[in-house]
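Listed below are the residues making up each chain.
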Amino acid sequence: MWVVICCGCYHGTSEQREMDAFKGRSQTTKGIWMAKCAGIEPCTLVMDLEGTDGRERGEDDTAFEKQSALFALAVSDIVLINMWCHDIGREQAANKPLLKTVFQVMMRLFSPRKTTLMFVIRDKTRTPLENLEPVLREDIQKIWDSVPKPQAHKETPLSEFFNLEVVALSSYEEKEEQFKEQVANLRQRFFHSIAPGGLAGDRRGVVPASGFSFSAQQIWEVIKENKDLDLPAHKVMVATVRCEEIANEKYAGFTANESWCLLEEAVQSGPVAGFGKKLNSILYTSLTEYDAEATYFDEGVRSAKRKQLEEKLLQLVQPAHHAMLGHLRSGTLEKFKEAFDKALNGGDGFSVAARNCTEAYMALFDEGYADAVVELANWDSSKVRDKLRRDIDAHVASVRAAKLSELTSSYEAKLNEALSGPVEALLDGANNDTWPSIKKLLRRETESAVSGLSDALSGFDMDEKTKEKMLTSLEDHARGVVEAKAREEAGRALIRMKDRFSTLFSHDSDSMPRVWTGKEDIRAITKTARSASLKLLSVMAAIRLDDNADNIENTLTSALVDAKNNAAVTDRSITTFDPLASSTWEQVPPAKTLITPVQCKSLWRQFRVETEYTVTQAISAQEANKRTNNWLPPPWAIVALIVLGFNEFMTLLRNPLYVGVIFVGFLIIKALWVQLDISGEFRNGALPGLLSLSTKFLPTVMNLLRKLAEEGQMPATNSSQTNQAVASKSFQNGSSTSNMSSSASSGITASENSPKKGE
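Residues numbered from 1 in each chain as written. Predicted model: local features only at pLDDT ≥ 70, side-chain atom pairs only at ≥ 80, totals over all residues. Heavy atoms only, no water.

Notes on the overall build of the protein
Part 1 of the argument: Each helix and strand in the protein was counted, giving 25 helices and six strands.
Part 2 of the argument: By residue count, 37% of the 759 residues in the protein fall in the buried class.
Part 3 of the argument: Considering only contacts in the protein between residues 6 or more positions apart, those separated by 24 or more positions represent 72%.
Part 4 of the argument: When the accessible surface of the protein is summed, it comes to about 43900 Å², and 55% of that surface belongs to carbon and sulfur atoms. (Helix = DSSP H or I, 4+ residues; strand = E, 2+ residues; numbered from the N terminus. Buried < 20%, exposed > 50% of the residue type's maximum accessible area, 1.4 Å probe, protein only. Contact = heavy atoms within 4.5 Å. Areas by Shrake-Rupley, 256 points an atom, 1.4 Å probe, with all protein chains shown as cover.)

Some thoughts on the pattern of salt bridges
Part 1 of the argument: Enumeration according to the criterion identifies 33 salt bridges in this entry.
Part 2 of the argument: A salt bridge links Arg189 to Glu165, with the nearest nitrogen and oxygen atoms 3.4 Å apart. With Arg189 in the loop between helix H4 (176-188) and helix H5 (212-225) and Glu165 in strand S6 (residues 162-168), this residue pair connects regions lying 24 residues apart in the sequence.
Part 3 of the argument: Here Arg189 falls in the partly exposed class, since its relative accessible area comes to 36%.
Part 4 of the argument: The exposure class assigned to Glu165 is partly exposed, which follows from its relative accessible area of 25%.
Part 5 of the argument: A salt bridge links Lys485 to Glu488, with the shortest nitrogen-to-oxygen separation between them at 3.5 Å. With a gap of three residues between them, Lys485 and Glu488 both fall in helix H13 (residues 464-491), about one helical turn apart. (Salt bridge = Lys/Arg side-chain N within 4 Å of Asp/Glu carboxyl O.)

Quick notes on helix H16 (residues 552-561)
Part 1 of the argument: Of all the positions in H16, only Ile552, Thr555, Leu556, Ala559, Leu560 and Val561 are classed as buried. Around the axis of H16, the buried residues are gathered within 165° of arc, so they sit on the same side. (Arc of directions from axis to C-beta.)

Structural notes on the pairing of strand S2 (residues 33-36)
Part 1 of the argument: One ladder, built from four bridges, connects S2 with strand S3 (residues 43-48); its direction is antiparallel. Of the residues in S3, the one forming a bridge with Trp33 is Asp48.
Part 2 of the argument: Here S2 folds back onto S3, and the loop between the two strands holds six residues, one of which, Gly39, carries a positive phi near 80°. (Pairing = 2+ DSSP bridges.)

Some details on a nonpolar patch on the surface
Part 1 of the argument: Judged by side-chain polarity, Phe663, Val664, Phe666, Leu667 and Ile668 come together as a nonpolar surface patch covering roughly 500 Å² of accessible area.
Part 2 of the argument: Here Phe663 is to be found in helix H22 (residues 656-676).
Part 3 of the argument: The partly exposed category is assigned to Phe663, whose relative accessible area is 48%. (Patch = residues over 30% accessible without salt bridge, like charges linked within 9 Å, V, L, I, M, F, W, Y side chains within 5 Å.)

Let's talk about the packing of aromatic side chains
Part 1 of the argument: Summed over all chains, the structure comprises twelve aromatic pairs.
Part 2 of the argument: Consider the rings of Phe340 and Phe350, whose centres lie 5.4 Å apart with planes at 70°: the pair is edge-to-face. Of this pair, Phe340 sits in helix H9 (residues 299-345) while Phe350 sits in helix H10 (residues 350-372), and the two are ten residues apart along the sequence.
Part 3 of the argument: Looking at Phe350, the relative accessible area reads 6%, which means it is buried.
Part 4 of the argument: Between the aromatic rings of Trp604 and Phe607, the centroid separation amounts to 5.1 Å while the plane-to-plane angle is 35°, which identifies the pairing as tilted. (Phe/Tyr/Trp six-rings, centres within 6.5 Å; stacked < 30°, edge-to-face > 60°.)

A word on the UniProt feature "transmembrane region" (unreviewed entry) in the protein
Part 1 of the argument: Per the UniProt record, the feature "transmembrane region" (unreviewed entry) sits at residues 657-674.
Part 2 of the argument: As annotated, residues 657-674 comprises 100% helix and 0% strand, and the C-alpha atoms at either end are separated by 26 Å. (UniProt positions renumbered as here; feature names shortened; annotations may be inferred.)

Quick word on the packing of helix H7 (residues 258-269) against helix H8 (residues 275-293)
Part 1 of the argument: Two elements in contact, H7 and H8, have axes separated by 10 Å at closest approach and are oriented at 150°. Compared by their axis directions, H7 and H8 come out roughly antiparallel. The crossing of H7 and H8 is left-handed. Residue-level contacts link Ser259, Trp260, Leu263 and Val267 of H7 to Phe275, Lys278, Leu279 and Ile282 of H8.
Part 2 of the argument: Looking at the contact of H7 with H8 residue by residue, the class counts come to six nonpolar, one polar and one charged. (Axes fitted to C-alpha atoms, helices over the stretch in contact; angles between N-to-C directions. Parallel < 35°, antiparallel > 145°, perpendicular 65-115°, else oblique. Left-handed = near helix turned anticlockwise from the far one by under 90°. Nonpolar A, V, L, I, M, F, W, Y, C, P; charged D, E, K, R; others polar.)

Points about unusual backbone geometry
Part 1 of the argument: A cis amide bond links Glu41 to the next residue, Pro42, at an omega of -5°.
Part 2 of the argument: Note that Pro42 resides in the loop between S2 and S3.
Part 3 of the argument: Notably, Gln587 is not glycine yet its phi reads approximately 65°, a positive angle.
Part 4 of the argument: The topology assignment puts Gln587 in the loop between helix H18 (569-575) and helix H19 (597-629).

Comments concerning the pairing of S6
Part 1 of the argument: Counting buried positions along S6 yields five of seven residues, so the element is predominantly enclosed.
Part 2 of the argument: For strand S5 (residues 115-122) and S6, the ladder comprises seven bridges, and the chain directions are parallel. Considered in S6, the bridge of Leu117 is made with Leu164.
Part 3 of the argument: What joins S5 to S6 is helix H3 (residues 129-146), and the crossover it makes is right-handed. (Right-handed = clockwise from strand over helix to strand, strands pointing away.)

Section: helix H14 (residues 493-506)
Part 1 of the argument: The end-to-end C-alpha distance of H14 is 20 Å, a good match for the 20 Å that 14 residues give at a rise of 1.5 Å each.
Part 2 of the argument: Burial of H14 is extensive: ten of the 14 residues sit out of reach of the surface.
Part 3 of the argument: Within the span of H14, buried status applies to Ala493, Leu494, Arg496, Met497, Lys498, Arg500, Phe501, Ser502, Phe505 and Ser506. (Expected span 1.5 Å × (residues − 1).)

Details of the side chain of Ser454
Part 1 of the argument: Relative to the helices and strands, Ser454 resides in helix H12 (residues 434-457).
Part 2 of the argument: A distance of 3.4 Å separates polar atoms of two side chains, one belonging to Ser454 and the other to Lys467.
Part 3 of the argument: Not counting the four nearest positions on each side in its chain, Ser454 is found in contact with Lys467 and Leu471. (Polar contact = N/O pair within 3.5 Å; in protein donor to acceptor, adjacent residues only side chain to side chain.)

Details of the packing of H9 against helix H11 (residues 382-428)
Part 1 of the argument: Interhelical geometry of H9 versus H11 gives an angle of 25° and a closest axis separation of 10 Å. Taken together, H9 and H11 sit at an angle that is classed as roughly parallel. Judged by the sense of rotation from one axis to the other, the crossing of H9 with H11 is right-handed. Every residue of H11 that contacts H9 at Leu325, Arg329, Thr332, Leu333, Phe336, Lys337, Phe340 and Leu344 is listed here: Val384, Lys387, Leu388, Asp391, Ile392, His395, Val396, Val399 and Lys403.
Part 2 of the argument: Across the contact of H9 with H11, the residue classes break down as ten nonpolar, two polar and five charged.

Quick word on a negative patch on the surface
Part 1 of the argument: On the surface, Glu447, Asp463, Glu464, Glu468, Glu475 and Asp476 cluster together to form a negatively charged patch.
Part 2 of the argument: In terms of residue count, H13 provides more of the negative patch than any other element does, four residues in total.
Part 3 of the argument: When you line up the elements, Asp476 lands in helix H13.
Part 4 of the argument: Take Asp476: its relative accessible area is 48%, and that puts it in the partly exposed class. (Lys, Arg positive; Asp, Glu negative; His and termini not counted. Charge placed at Lys NZ, Arg CZ, Asp CG, Glu CD.)

What follows is the structure, encoded as structure tokens:
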């Protein structure tokens, strides 16, 4: 068994120069010395290392000291670390950075094993060891906590890898005897160091003595190749600290610079003229001041810290620069929009206006960016420029789409106006020339609209395929307008049919209202009106914008109007196939069908039912007119009256008194006739006339008697005048009553003859 101890010897060996207090301090150990301890069991090897803060190697070569320290930790079971008592609590003299670096590299390069770290406090002062030891242990614990560790040992405590021991030695020069006694006591602790509870720890990963030389050689090769132990020299460290302080001061001074603060505040609200020039001046001033203060420090460190300061300053001003570019981009975009709209309103072609404005305002942005460039920064403005170009292109595309949509909508509106009304009028007056006229109208208006749109699209610099697609869409829209209007009118086919029937049935060829005097052929008039209505139905049954022929009219005529078919409808329905019992027309695609055969049959049935009343009313009016005009007895009755009443007539001639009585009776009967309006009452039939006269007869007689009585009581001087006035008044009342009766009769006749709305 054997244990390796690493330590620093106070006295040199025979080959080493001993440090002489009278000659001054000098390096006593060069490199690593190794020897076997005499009289200590088990076999113990001692390695003596150079000091970590010697001056002989100089400040530019401290790597070997760190490498040797790491080598000692890797191969030793016990490591003795000499420390001056007054160095406890100091950052550099107590080798804290060294221990931190060595711990970190050791855990990365080698498998950790439990090692005893014995700190030997030299030249102990009056401060008790009990007070010094906690401070030292706390410092070592802080070093351990700050060392980056592998993932497997993130939470592993220091005690798992190291045993910490602290001993103190008095001053050799002041207390030589006490010093030697304390060294002897320390030597005794190394006896049986590998025993359980001994100073050497658990001895995990122990290498046999025969392999120690090879193992140590391999460990040293690994340590030599590790670059993490190439720690900087003292002057480099000083330069690093001081240059960093200067850089921080200049950075703080830049952030507090009034010019920079005003510039930063101004750029938040809008673009600043000369932004790049002002910002470059402030940046160069700060960097120049840094160069002046750091000129005497290490050039490499000075340049590195200057680069860091420059990067921090650029990082600080970059948001302001981005804000400036944002204002520049948004301002350029707004100016472009205004100029573009103005160019379009000025009559420039769309493509020409877009190209000219885009080139002009992209050049304007480039000028603005050149004014805002930061010379120290190598910032790429292509993203901002590309964003502006995308925004301009997007706006152009948006305006282009809006203009094209507006242009297309205007021509579609013109087609709607040019086609809807005329198509409705043509379908309303449906005849054989209706669909040819509609096709001619559609062709003329479509060609006009397509020609106008084609000329308007020439300024948009669009490819022929897109242009052709838009023109085709306009043609389809025109055709769609006609088809939609035809479908709309087809939905009102029944109303159109009844209106046409009413017009032809109730008006003559001169468009004058018919008066049913009894001489009109109602059957022929009805047939003509229904045939015209059937013609309208056949025209509205399908869309005929193509040149394809169909037999819709013949089918409807043969199935609905033909006299023979109507007479034999019962037999046909049983023995023959009904041509209207279908949902499609022959030679007509379903997409072009407006009213199916079944719907035509249903509409015709409903049409006949709703027009029967108009025909019946006309027949009734005609018969009533005949009865009104034939109230006199027949001629043979008049001849019989003359022959049979000849004797009575001669009697009246012989006795004139009878003539007077008869005349008075005639006047009374005439007055009653006028007052009762007998002819008007019997116009609606005998029974209604008798019933009406029975209610009016007695009041009329009483009225006449009352007037005669009043006339009899008047003075004799006025009797003649009164009689004349009464006669005149009676005559006038009779005439007025007759006129009123005639007007009422005419109104009733007119109401009977005129068709009701909706029939």
